[in-house]
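The chain contents come next:
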Amino acid sequence: MRFRHPDGTTVHLAYCTNVHPAETLDGVRAQLRDHCEPVRRRLGRDRLGIGLWLAKEAARTLVNDPSALRALRAELDHRGLEVVTLNGFPYEGFGAEEVKYRVYQPDWTHPDRLAHTTDLARLLAALLPEDVTHGSVSTLPIAWRTPYATDPDAAVTACKALTALAQRLDALAELTGKSVTIGLEPEPGCTVETTADAIAPLTAVGHDRIGVCVDTCHLATSFEDPDTALDALHTAGIPVAKAQLSAALHAEHPHLPEVREALAAFAEPRFLHQTRTLTAAGLRGTDDLDEALAGVSLPDSTPWRSHFHVPLHAPPAPPLTSTLPVLESVLTRLVGGPVPLTRHLEVETYTWQALPAELRPRTRAQLADGIAAELTLARDLLTDLGLKELP
């Protein structure tokens, strides 16, 4: 979905296909047929943006087989789909029964991360619509905090890898005329947990093709103030490559038994749900929601937020809610001003099948309905900010 900002810039809205995880190219093509095109039809659109997740195997197939890449591009066109952004955070195994800490491997100290992200940038340059010259790829925020923090060489290694990536992106732009920007995606528990944490390593890289992907669930979970976060990035000259529109789980009164019971329904074995609370002494947290619920390590006198991407249009029932207001504040800053701070927006609710059983979609049709409803909400927020939906 495309929108015209009042300054004339085209802003793209997509949804991320990591909600339909597939490791192979055949699986990706099935996603387009079974999920993406049905969502487009529900929205009554001739064209729908999708943020593709290409796992290692699918990406390597496309890199090694130019005819397969051309066929994918043709299929996107045939199904009324377009790609301006990729999700390059998960490397493989995102559809596994247990993902948890595995999603952070390989990190930016490992050569496989550089190779994979280079592949994604080259593929995106080939998949961009003819009238689009700029693409974006979100990626791991360098590494999970351990064992990175105890490795004296890790920071230097990661910086060298990101610098090498920037040089490859320059060469790609020279060769293709397509500019691709990579965005580190701050996430709780990682080396780059917050947007503030991103400033030092990105300043060290010092290249305008390497910036930040602002995920509004992650930002909210870490209790970051949107204005402070975005002001700091702007002052440091760090671009917002893309924004992922997502909402975290919020519990205002976590000391109450009924609140803990409601939260327990969201503690599940597949994904990591880092949980945070902001106290007078600073931010406190656990690596997972069940850890927060099981012990006394997390103070419960102040609100809790958990890294659980809840559907944008359907916050959980009381006594829980979502951080949708944070998303709205971030969106206002990103595209509600005289000049948009990013051109790529992506709804990223990948946890539909991790919701409590009574809230999960039971059929493909129900899932398509839910994704279409999320995109409708995002569309309405954008038009309320003065952007005009384009055909």
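A few points on the structure. (Residues numbered from 1 in each chain as written. Predicted model: local features only at pLDDT ≥ 70, side-chain atom pairs only at ≥ 80, totals over all residues. Heavy atoms only, no water.)

## Overview of the environment of Arg 42
Checked against the element boundaries, Arg 42 lands in helix H1 (residues 25-43). Residue Arg 42 is classed as partly exposed on the basis of its relative accessible area, which comes to 38%. When the C-alpha atoms of Arg 42 and Asp 369 are compared, they prove to be 7.3 Å apart, with 327 residues separating the residues in sequence. When near neighbours in sequence (up to four residues on either side) are disregarded, Arg 42 contacts Ala 365, Ala 368, Asp 369 and Ala 372. (Helix = DSSP H or I, 4+ residues; strand = E, 2+ residues; numbered from the N terminus. Buried < 20%, exposed > 50% of the residue type's maximum accessible area, 1.4 Å probe, protein only. Contact = heavy atoms within 4.5 Å.)

## Some points on the sheet that holds strand S10 (residues 275-279)
If you walk across this open sheet you meet the 5 strands as S11-S10-S12-S9-S13, and the pairing is antiparallel. Two strands in the sheet have a free side with no partner beyond their single neighbour: strand S11 (282-286) and strand S13 (320-322). Averaged over neighbouring strand pairs, the angle between their axes works out to 30 degrees when direction is ignored. Where strand S9 (residues 247-251) and strand S12 (residues 304-310) come together, 4 bridges link them in antiparallel fashion. Bridge pairing links Ala 247 to Val 310 in S12. (Pairing = 2+ DSSP bridges. Axes fitted to C-alpha atoms, helices over the stretch in contact; angles between N-to-C directions.)

## A word on helix H3 (residues 66-78)
For H3, built from 13 residues, the straight-helix expectation of 18 Å at 1.5 Å per residue is met to within 8% by its first-to-last C-alpha distance of 18 Å. Against H1, strand S3 (48-52), helix H2 (56-64), strand S4 (81-87) and helix H4 (111-127) lie the buried residues of H3. Looking one or two residues past H3, Gly 80 carries a phi angle of roughly 70 degrees, positive in sign. (Expected span 1.5 Å × (residues − 1).)

## With respect to the packing of aromatic side chains
With the rule as written, the count across this model stands at 8 aromatic pairs. Seen in terms of ring centroids, Phe 94 and Tyr 350 are 5.3 Å apart; in terms of plane orientation they differ by 65 degrees. Their pairing is edge-to-face. Placement of Phe 94 in the loop between S4 and H4 and of Tyr 350 in the loop between strand S14 (344-347) and helix H13 (364-384) is noted, with a sequence separation of 256 residues between them. Both residues of the pair, Phe 94 and Tyr 350, count as buried. Between Phe 266 and Phe 308 the ring centres are 5.2 Å apart and the planes differ by 90 degrees, which places this aromatic pair in the edge-to-face class. Of this pair, Phe 266 sits in the loop between helix H10 (257-264) and S10 while Phe 308 sits in strand S12, placing them 42 residues apart in sequence. Chaining the aromatic ring pairs together yields one cluster made of Trp 53, Phe 94, Phe 271 and Tyr 350. Sitting above the plane of the Phe 223 ring, Arg 305 keeps its charged end 4.4 Å from the centroid. (Phe/Tyr/Trp six-rings, centres within 6.5 Å; stacked < 30°, edge-to-face > 60°. Lys NZ or Arg CZ within 6 Å of the ring centre and 35° of its normal.)

## Some details on the environment of Asp 231
Tracing the backbone through its elements, the reader meets Asp 231 in helix H9 (residues 226-236). With a relative accessible area of 38%, Asp 231 lands in the partly exposed category. For the pair Asp 231 and Pro 254, spaced 23 residues apart in sequence, the C-alpha separation works out to 31 Å.

## Brief notes about the pairing of S9
With 5 of its 5 residues buried, S9 lies for the most part within the structure. Both S9 and S13 contribute to a ladder of 3 bridges, which runs antiparallel. Paired with Ala 251 across the strands is Leu 320, a residue of S13.

## Focus: empty space enclosed by the protein
By the definition in use, this model includes 3 cavities of 30 Å³ or more. What lines the largest cavity is a set of 17 residues, among which Phe 94, Val 103, Glu 187, His 307 and Tyr 350 lie closest to the centre. By residue class, the composition of the lining of the largest cavity is 9 nonpolar, 4 polar and 4 charged. Computed from the structure, the second largest cavity encloses a volume of approximately 40 Å³. Residue lining of the second largest cavity: Pro 186, Glu 193, Thr 195, Val 214, Asp 215, His 218, Leu 219 and Glu 224, and that is the complete set. Of all the secondary structure elements, the ones that give two or more residues to the lining of the second largest cavity are strand S7 (210-215) and helix H8 (216-221). In terms of residue class, the lining of the second largest cavity is made up of 3 nonpolar, 2 polar and 3 charged. (1 Å grid on protein atoms, 1.4 Å probe; cavity = no way out; pocket = protein on both sides within 12 Å on 5 of 7 lines; lining within 4 Å. Points joined across faces, edges and corners; volume = space filled by probe spheres on them. Nonpolar A, V, L, I, M, F, W, Y, C, P; charged D, E, K, R; others polar.)

## Some thoughts on the nonpolar core
Counting 120 residues, the largest nonpolar core has Leu 13, Tyr 15, Leu 54, Trp 108 and Leu 375 as the members making the most contacts within it. Contacts of Leu 375, omitting those with residues within four sequence positions, involve Met 1, Leu 13, Ala 14, Tyr 15, Val 39, Leu 43, Leu 48 and Val 347. (Core = buried A, V, L, I, M, F, W, Y, C linked by side-chain atoms within 4.5 Å.)

## Observations concerning the side chain of His 307
For His 307, the position within the fold is in strand S12. Of the polar contacts made by the side chain of His 307, one reaches the side chain of His 309; its length is 3.2 Å. (Polar contact = N/O pair within 3.5 Å; in protein donor to acceptor, adjacent residues only side chain to side chain.)

## Here's the deal with the pattern of salt bridges
Where charged atoms from two side chains of opposite charge come close, those side chains can pair. The full count for this structure, using the stated rule, is 25 salt bridges. The shortest N-O distance in the salt bridge between Arg 2 and Glu 82 comes to 2.9 Å. Highlighted residues: Arg 2 in strand S1 (residues 2-4) and Glu 82 in strand S4, separated in sequence by 80 residues. Comparing Arg 2 with Glu 82 shows no difference in burial state: the two are buried. Notably, a salt bridge pairs Arg 364 with Asp 34, separated by 3.5 Å at the nearest N-O pair. Of this pair, Arg 364 sits in helix H13 while Asp 34 sits in helix H1, and the two are 330 residues apart along the sequence. Residue classification places Arg 364 among the exposed positions, given a relative accessible area of 52%. On the accessibility criterion, Asp 34 (17% relative accessible area) is buried. One salt-bridge network, in which partners are shared between bridges, spans Arg 29, Glu 37, Arg 40, Arg 41, Glu 75 and Arg 79. (Salt bridge = Lys/Arg side-chain N within 4 Å of Asp/Glu carboxyl O.)

Just distances and angles here, no functional claims.
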